[in-house]
Amino acid sequence: MVLDSEALFSIELSLKVATVSTITVFFIGLPLSYLLATKELPLKNLIDTLITLPLVFPPTVTGYLLLLLLGKNGPIGEVLYRLFKTGIIFTWYGAVVASSVAAFPIFVKTARSSIEAVNRNFIFAAYTLGKGEVETFLRVVLPIAKRGIIAGTVLSFARAIGEFGATLMLAGNIPFKTNTIPIEIYSAVSDGNFERANILTAVIAVISLIIIFTVNKLTERRDNEVNGS
Amino acid sequence: MLRFQAEKRLKNFNYSVSFCSDAEITALFAPSGSGKTVTLQMIAGLQKPERGKIEVNGRVFFSSERKINVPPQKRNVGYLFQDYALFPHMTVQENICFSSKDKNLFKEVVELLEIGDILNKLPAQISGGQKQRVALARAIMRKPEILLLDEPFSALHRSLKENLYRELFSIVKRFNQKVVIVTHDFDEVLRLAKKVVILENGKNVQEGSPEEVFFSPKTVKIAKLLGHKNFLKGKVVKTDREFTVVEVKGKLRLKLKRRTPLKAGQEVTVSILPMSAALSPATEFSRVEVLVKRVEKMGNLLFLQVEMEGEEVELHLPLSLTPNYILEEGKKTTLHLSAEQICIVEEEE
């Protein structure tokens, strides 16, 4: 059978890694996008540059830098080893970190520009009507910018599910442990098993298309509602 | 009572404005980019001055000396934005009830502003005038100490403006509401405000009652902002308690209502308001010989370009009272200028 238990595991793992990464990116990226879009932060340009780096770096370089940071002797890795007696290198957590780092700039760039596009007077109006930052964000900014934020989330998921280079560097290619779909496709092609590669490619394409189509439909309808058409 | 004093370095100029007002409706009048909106934003706490003190009804909103800067949420100020800033994803009712769920007040405000039939609509589904009413209702629901209106009527049709002026007056009366309105339309100032502060490049250049400011502008520049057009230099030849006579070019004598202390012999700049002209004599007037250079119909007015002692002057006559055979281009005619409509521009720039 082409889709053996290893291939099925890779599909399940990819969905798990992409979902956890997208949730992580969403909850860290959204407040950061709001701050970057609306506040005069002292190190705004530096923060923006650091966030953008994974977009510019080859994924293997990003993976290598993460390996240096999170490895047993790395500044963050050492602390993690000391605290939890375990590391994230060559585990599925490593794949989550690699996918999150790769997807983060895509989410922040998209969410930030959609928040920036929100008329400042909406925010000011909410303030003068007695609402604090959090309530203003949740009740005014988020619903107005939701189209861009949802788009950013979808793109992040797509980027996370397709992540290969950094994941390979950080999580490796361990069957039944870190073999995500892109890694499984790579292995299949390396082994000359093109039928297996084709089917896994079709699986990843179907997953991506379903999600993008669903979300596009969802945002389209809501956008019409807001415009009253 | 609003006491405002603020300084801030802005991109185009150094902003430094101070005024106080106890009027029901105070107008901030200035051309675009003079710091009107900045002033409103500073009162609302949306912009922070570098130095100064802002106090509303005895409550200090900002004091650089005492390091007080009350956040906008706690200032209890109603703000009507120029673009209304109605939340596009909320219905009219949700917009109005955004700050308060007070049912009685809601009912009263909805009735007062006649917006009961659009409560379930989204802002994109209502007209400009309705949006303005909704934004006003939303601001009133906060029961603000002061209501700040940023050019609220600029995008609206004339007939609609009249209705909204009336509604604004009812709000002021019903809720005993103090209002600060920003505008670049002096007719609006004359129609609405009890006090006006004129701003120019971030400085307040004149303040007073709208009539006082309109008939006694401090400089030619201010006078031009207010719509004055005809400036003639002359000398005071006679002045009593009620009227002053100014002589222009040693020949033309203009009688005008005395509004500021003047001495005989004093050099002054006179502004002849276009509406001062009439074909028949008014109660107090100056009779002048003019050469008609151009006659143009504009709505219900006749625009005249005349030469008066070698000076070009623009005058307006009501079309209905002006038989068209009297005024012909290139011919001399006699006009009467009302003393009420001629004023002195206080200082030269």
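My aim in this report is to walk through the structure given alongside it, one point at a time. (Residues numbered from 1 in each chain as written. Chains lettered and ligands numbered in written order. Predicted model: local features only at pLDDT ≥ 70, side-chain atom pairs only at ≥ 80, totals over all residues. Heavy atoms only, no water.)

## Comments concerning the overall build of chain B
Cut-off, in case you're wondering: The way it works is that DSSP assigns letters per residue, a run of H or I at least four long becomes a helix, a run of E at least two long becomes a strand, and they are numbered from the N terminus. With a 1.4 Å probe rolled over the protein chains alone, any residue whose accessible area is under 20% of its type maximum counts as buried; one over 50% counts as exposed, and the rest are partly exposed. Pairs of residues are marked as contacts when any of their non-hydrogen atoms sit within 4.5 Å. For every accessible area listed, the method is Shrake-Rupley and the probe measures 1.4 Å; residues are considered covered only by the protein chains on display. Working convention for charge: Lys and Arg count positive, Asp and Glu count negative, and His plus the chain ends are omitted. Charged groups are reduced to one reference atom each: NZ for lysine, CZ for arginine, CG for aspartic acid, CD for glutamic acid.
Helix and strand counts for chain B come out as eight helices and 21 strands. Here the C-alpha coordinates of chain B stretch approximately 70 × 50 × 35 Å along the principal axes. Relative to its full complement of 349 residues, chain B shows a buried share of 52%. If you take every contact in chain B between residues at least 6 apart in sequence, the share linking residues at least 24 apart comes to 65%. As displayed, chain B offers around 16500 Å² of accessible surface, 47% of which is attributable to carbon and sulfur atoms. Treating the 54 positive side-chain charges of chain B as one cloud and the 44 negative ones as another, the clouds have centres 4 Å apart.

## Focus: the side chain of Glu 163 of chain A
All names here are of chain A. Applied cut-off: By the criterion applied in these results, polar contacts are pairs of N or O atoms within 3.5 Å in which, for protein atoms, one can donate a hydrogen and the other can accept it, and in which residues neighboring in sequence qualify only through two side-chain atoms.
With respect to the secondary-structure elements, Glu 163 resides in the loop between helix 7 (133-162) and helix 8 (165-171). On the basis of relative accessibility, which here comes to 2%, the residue Glu 163 falls in the buried class. Polar side-chain contacts of Glu 163 include one of 2.7 Å to the backbone nitrogen of Ala 166. Residues contacting Glu 163, with those up to four places away along its chain left out, are Pro 59, Ala 98, Ser 99, Ala 102, Thr 180 and Pro 182.

## What about the sheet that holds strand 15 (residues 267-272) of chain B?
Hydrogen bonds along the backbone pair up the strands of a sheet, which may run parallel or antiparallel. All names here are of chain B. Keep this limit in mind: Paired strands are those between which DSSP finds at least two bridges. Every axis in this analysis is a line fitted to C-alpha atoms, fitted for helices over the stretch in contact. Angles between the N-to-C directions lie between 0 and 180 degrees.
Strand order in the open sheet formed by five strands is 14-13-12-15-21, and the pairing between neighbours is antiparallel. Both edges of this open sheet fall to strand 14 (252-257) and strand 21 (342-345), since each of them pairs with a single strand only. Pairwise comparison of adjacent strand axes, ignoring direction, gives a mean angle of 45 degrees for this sheet. Sheet topology places strand 13 (residues 243-248) next to strand 14; six bridges connect them, and they run antiparallel. Bridge pairing in strand 14 links Glu 247 to Arg 253.

## Focus: the interface of chain A and chain B
Formally: As used here, buried area is the combined drop in accessible area, with a 1.4 Å probe, of two parts when they are placed together. When a carboxyl oxygen of Asp or Glu lies within 4 Å of a side-chain nitrogen of Lys or Arg, that pair is called a salt bridge. Gly is put with the polar residues, along with every residue not named as nonpolar or charged; the nonpolar set is Ala, Val, Leu, Ile, Met, Phe, Trp, Tyr, Cys and Pro, and the charged set is Asp, Glu, Lys and Arg.
Residue-level contacts link 21 residues of chain A with 22 residues of chain B. Taking both sides of the interface into account, the surface hidden between chain A and chain B amounts to around 1900 Å²; carbon and sulfur atoms contribute 67%. Run the count over chain A and chain B and you get zero salt bridges. Inspection of the region where chain A meets chain B yields six residue pairs in polar contact (both at pLDDT 80 or more). Only helix 6 (120-128), helix 7 and helix 10 (194-227) of chain A provide two or more residues apiece to the side of chain A that touches chain B. Per-element tally for the side of chain A that touches chain B: the top contributor is helix 6 of chain A, with seven residues. Looking at the side of chain A that touches chain B residue by residue, the class counts come to 10 nonpolar, seven polar and four charged.

## Examining helix 1 (residues 36-44) of chain B
Burial analysis of helix 1 of chain B places eight of its nine residues in the buried class, the great majority of the element. What helix 1 of chain B keeps buried is the set Lys 36, Val 38, Thr 39, Leu 40, Gln 41, Met 42, Ile 43 and Ala 44 of chain B.

## Section: unusual backbone geometry
Excluding glycine, a negative phi dihedral is what most residues carry, and trans is how most peptide bonds are arranged. Residue and element names in this part refer to chain B. Positive phi, close to 50 degrees, is recorded for Glu 114, a residue that is not glycine. The topology assignment puts Glu 114 in the loop between helix 3 (103-112) and helix 4 (128-140). Backbone geometry at Asn 201 places phi at a positive 45 degrees, although glycine is not the residue there. Within the secondary structure, Asn 201 sits in the loop between strand 10 (195-200) and strand 11 (203-208). For Asn 201, a relative accessible area of 43% translates into the label partly exposed.

## Points about the pairing of strand 17 (residues 285-298) of chain B
Residue and element names in this part refer to chain B. Relative to strand 20 (residues 332-338), strand 17 runs antiparallel, the two being bridged by seven bridges. Considered in strand 20, the bridge of Val 290 is made with Thr 333. Judged from the seven bridges that link them, strand 17 and strand 18 (residues 301-308) form a sheet pairing that is antiparallel. Bridge pairing in strand 18 links Arg 294 to Gln 305.

## Describing the packing of aromatic side chains
Residue and element names in this part refer to chain B. To keep things clear, this is the line we draw: Stacked, tilted and edge-to-face pairs are distinguished by plane angle, under 30 degrees for stacked and over 60 for edge-to-face with tilted covering the rest, among Phe, Tyr and Trp rings (Trp via its six-membered ring) whose centres lie within 6.5 Å. Here, over-ring charges are defined by two tests on the NZ atom of lysine or the CZ atom of arginine: distance to the ring centre within 6 Å, and angle to the ring normal within 35 degrees.
Counted under the stated rule, the structure contains 14 aromatic pairs over all chains. Grouped by ring-pair contacts, the aromatic residues Phe 29, Phe 186, Phe 214 and Phe 215 constitute a single cluster. It is Arg 138 that lies over the ring of Phe 87; its NZ or CZ is 4.6 Å from the centre. A cation over a ring is seen here: Arg 174 above Phe 175, with NZ or CZ 4.8 Å from the ring centre.

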